[in-house]
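Inside the fold
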Amino acid sequence: MTATPPASDRLQRDILRHLKYTQGKDRAHATLYDWRMALSFALRDQVVDPWFTATRRTYDEDRKRVYYLSVEYLIGRLIEDVAINLGLREASRAAIEALGVDWEALVENEPDAALGNGGLGRLAACYMESMATLGVPAMGYGIRYENGLFRQIFRSGQQVETPEDWLQEFHPWEFDRPEAAYEIGFGGNVAEHGGRTVWTPAESVYAVAHDTAIIGWQGRWANTLRLWSARPTTRFDLARFNAGDFAAAQAPEMLARTITRVLYPDDSTWAGKDLRLKQEYFLASASIQDILRRYLSTHEDFRALPEKVAVQINDTHPALAAPELVRLLVDQHGLAFDDAAEIMLGVFGYTNHTLMPEALERWSTWAIGNTLPRHMQIIERLDDWHARRKPARPPSTAIVAHDEVRMGNLAFIASHRVNGVARLHTELMKKTVFADLHALHPERIVNVTNGVTPRRWIAQANPGLAGLITETIGEGWQTDLERLAGLEAHVEDAAFRDAFAAVKRAGKERVAQWLAAEHGLSVDPAAMFDVQVKRIHEYKRQLLNILATIGLWLRMRDDPGRDWVPRVKIFGGKAAPGYHAAKEIIRLINDAAAVINADPATKGRLKVVFPPNYNVSMAEKLMPAADLSEQISTAGMEASGTGNMKLALNGALTIGTLDGANVEIRERVGAENFFLFGLTAEEAEARRRLPDHARLAIEETPELQRVLKAIGDGVFSPGEPHRYHGLLDRLWNHDHFLVASDYAAYVAAQDKVEEAWQDRDRWLRMAALNTARMGYFSSDRSIRDYMRDVWAVEPAI
Ligand code: 26V
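Residues numbered from 1 in each chain as written. Predicted model: local features only at pLDDT ≥ 70, side-chain atom pairs only at ≥ 80, totals over all residues. Heavy atoms only, no water.

**Observations concerning the pattern of salt bridges**
Oppositely charged side chains can pair when the atoms bearing their charge come close. Operational definition: Throughout this description, the term salt bridge denotes a Lys or Arg side-chain nitrogen within 4 Å of a carboxyl oxygen of Asp or Glu. Each helix is a run of H or I in the DSSP string that is no shorter than four residues. Each strand is a run of E no shorter than two, and both are numbered from the N terminus. Exposure classes here rest on a 1.4 Å probe applied to the protein chains alone. A residue is buried below 20% of its type maximum, exposed above 50%, and partly exposed in between.
Scanning the model with the defined rule gives 70 salt bridges in all. Arg374 is paired through a salt bridge with Asp331; the nearest N and O atoms lie 2.7 Å apart. Separated by 43 residues along the polypeptide, Arg374 in helix 15 (residues 373–389) and Asp331 in helix 12 (residues 321–332) bring together distant segments of the chain. With respect to burial, Arg374 and Asp331 carry one shared label: buried. With a shortest N-O distance of 3.9 Å, Arg555 and Asp751 are connected by a salt bridge. In this pair, Arg555 is assigned in helix 22 (residues 542–558) and Asp751 in helix 31 (residues 739–758), connecting sequence segments 196 residues apart. Here Arg555 falls in the partly exposed class, since its relative accessible area comes to 22%. If you follow the salt bridges from partner to partner, you end up with Arg177, Asp211, Arg226, Asp290, Arg293 and Arg294 in one network.

The structure is reproduced here in structure tokens:
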């Protein structure tokens, strides 16, 4: 035992103090939960001073602030994240262990804050961390959902959603700010009073702030994540109650309760839910009111707003912030409409995260007119303002058309910059959804390729790799990830490769132990870990993966004497509750896993595992353990991907299509270190126009025919042979996602993967080169791109 460092002594004292005075427990009766609370408070204490300092400096130096508006933040756990950035991870562990508490168990006791669905929400969390690390004065605004993303369980192989109540236990990281409350109105009517427009809402709620400090690397800067929760404006309508109308008496409370109750768990199709519109406006209005209040505390002239304020909207979900700003400037502060619109344009930036037409938000003018009558007028005036500035604009560029408000066009027209999230995606935006708007505003669309934070995705998730990197190239990579290039010089060093291999092996053993302990699954850490983790979506093509897995299984059974490469196929991900086709894919994976894993003929060679409830914490376990990263979406459909970055950074090789950020990953890691296959975006589009493309492809691919026949015969659903007939029918007759057309190329690429795997040294070189060449994909670089190309802000440190 080495002597405990002083930082750990101080922490120990702080932990015991919080255990006693915050939790009201003595050591003899403290539960794991009490210890977790005590440590969280002890760490939170140390965030407060840097946080105050950063806030004071931003005020004193009158700095421009970035406001990031997002309906989703997929934060995960915070104990290790905060401890690492404070330089206190080892001290925390030492303190906790000295107190006789199991560190791993304590860390795992923290629930994931899952206020998001997938990539968009996780990106927002990485960006908040990077802005704090870079010292950008910034504030994130979001919604404090009582129930985050559902917990996924499998019953008979099928996804069942159960509520995830992360707020059931006390959330120690936030500070309640009851004094920061704004009234948010809905419905009612609009009237002219002496030349002024007055909106009188029919009902309203308060938005109340809950602040979490987001601490950057080495505690040099801290920003705020401000999440709003709804509170009733009138507790109880006594007059109505006394008149016998009990339901109406409770209406205000009901409205408030429902608004921030749930996160919409659907990231596949746009659904025009009135409650969602209210959520979006709730976030937009509270945030804009807060921004204007802060601005007015030190400024008077709104014309300078764009010099002090940049508002970034994370997809269109918070886009009502733009008409809300105009409304407040015109109706409350008396600005002329055109001046207000000009200010709006200077302030807003819009990030687009999907080209899928079914996910693009559109609200009926009726819905907006009812819920937000004044905003409907302002949106129409903004449309008119744009038409005046671009008299030759084609109808496709209008915000309002066919009795609908197109939120993408609103966000585009309201913003001085519009960005895609990977180079290919940005180019496709220019050619597809925003082609006509792009022609009118050729300077507006810019690219900012996504990134991930190396603090969470290397330092926290993969301490072994972090240690090896530091040993090899020294400190500094944590905030200057391009320094990973320094590893390249060591790739030819056999000792380095062995150390790299040992790190990967340790990551795999950890996952093997966890799968055994938590899910009763046994896997061999010597086998290739082949990982596809992400939301379940037809375009992401988990179906292609499982079909090829079945194909491999059939081949293994045909030729049991061959020395097959042992593989563990790992799947993880949730399907939107109403997305039938995605849920069918989950069931097929689980059904196939049951049959394959029970087959003595392929035992020890092929295993399929699908641990339920993939979330940020599971990702932290899986990223370091992956050998192969599956990034196999239909080209043109994945905007960027960020799991692809986390996996390659942690030394997984990618099998992938030319889609999203895969294109840029391949360019950087080198084509020879990437298993490319499949149609390009252009070819995919052409292929889809070919009549009967799926049938043609299936007929040309005997193995695929066998696979489909096995499924159709009920090999994986013995009690119900017809279970997958719908899925098979769609594959034969529609196959919009071109699974059949890419099947043969995918299998051929998997053969190349096996060939590379069999040469252990070659594989290791390729893997290490992936890590060494992924430095570009740090979210610090993405944030610097935003600062330069979108926000025009300077860091304060
Ligand atoms: C759409 C909708 C439609 C309205 C209902 C709620 C809702 C929620 C989510 C979405 C889609 C979000 C789009 C999204 O998550 N895109 C992902 O963004 C990642 C970060 O840029 C990117 O890496 C992924 O490729 C992209 O799919």
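Structure shown, so let's carry the discussion forward.
**Concerning the site of the ligand**
For clarity, the cut-off: Think of it this way: one heavy atom of a residue within 4 Å of a molecule or strand is enough to make that residue near it. Within 3.5 Å is the distance limit for a polar contact, defined as a pair of N or O atoms, with the added protein rule that one can donate a hydrogen and the other accept it, and that residues adjacent in sequence qualify only through two side-chain atoms. In these tables, accessible area is a Shrake-Rupley quantity obtained with a 1.4 Å probe, and a residue counts as shielded only by the protein chains included in the view.
Looking at the ligand, there are 19 residues lining it, with His353, Asn450, Glu638, Ser640 and Gly641 nearest. Contact distances for the ligand include 3.2 Å between an oxygen atom and a side-chain N or O atom of Tyr539. Alone, the ligand offers 590 Å² of accessible surface; in the complex the protein occludes 94% of this. For the shell around the ligand, the leading source of residues is helix 6 (residues 119–134), giving three residues.

**What about helix 30 (residues 725–733)?**
For the record, the criterion: This arc corresponds to the set of directions leading from the helix axis out to the C-beta atoms. Any two residues having at least one pair of non-hydrogen atoms within 4.5 Å are treated as being in contact.
Regarding helix 30, the residues found buried are Leu727, Leu728 and Leu731. With its buried residues spanning 95 degrees around the axis, helix 30 presents them on a single face. Along its buried surface, helix 30 packs onto helix 22, helix 23 (580–597), helix 28 (693–700), helix 29 (702–712) and helix 31. Of the residues flanking the end of helix 30, it is Asp735, one or two places downstream, whose phi is positive at about 45 degrees.

**Observations regarding the pairing of strand 22 (residues 628–631)**
Selection criterion: At least two DSSP bridges between two strands are required for those strands to pair. With its strands directed away from the observer, a crossover is right-handed exactly when the path from the first strand over the helix to the second travels clockwise.
What you see with strand 22 is no split at all: Leu628 and Glu630 on one side and Ser629 and Gln631 on the other are buried throughout. Note: strand 19 (residues 528–533) against strand 22, two bridges, orientation parallel. Bridged to Asp530 within strand 22 is Leu628. Crossover connection from strand 22 via helix 25 (residues 643–649) to parallel strand 23 (residues 653–656): handedness right-handed.

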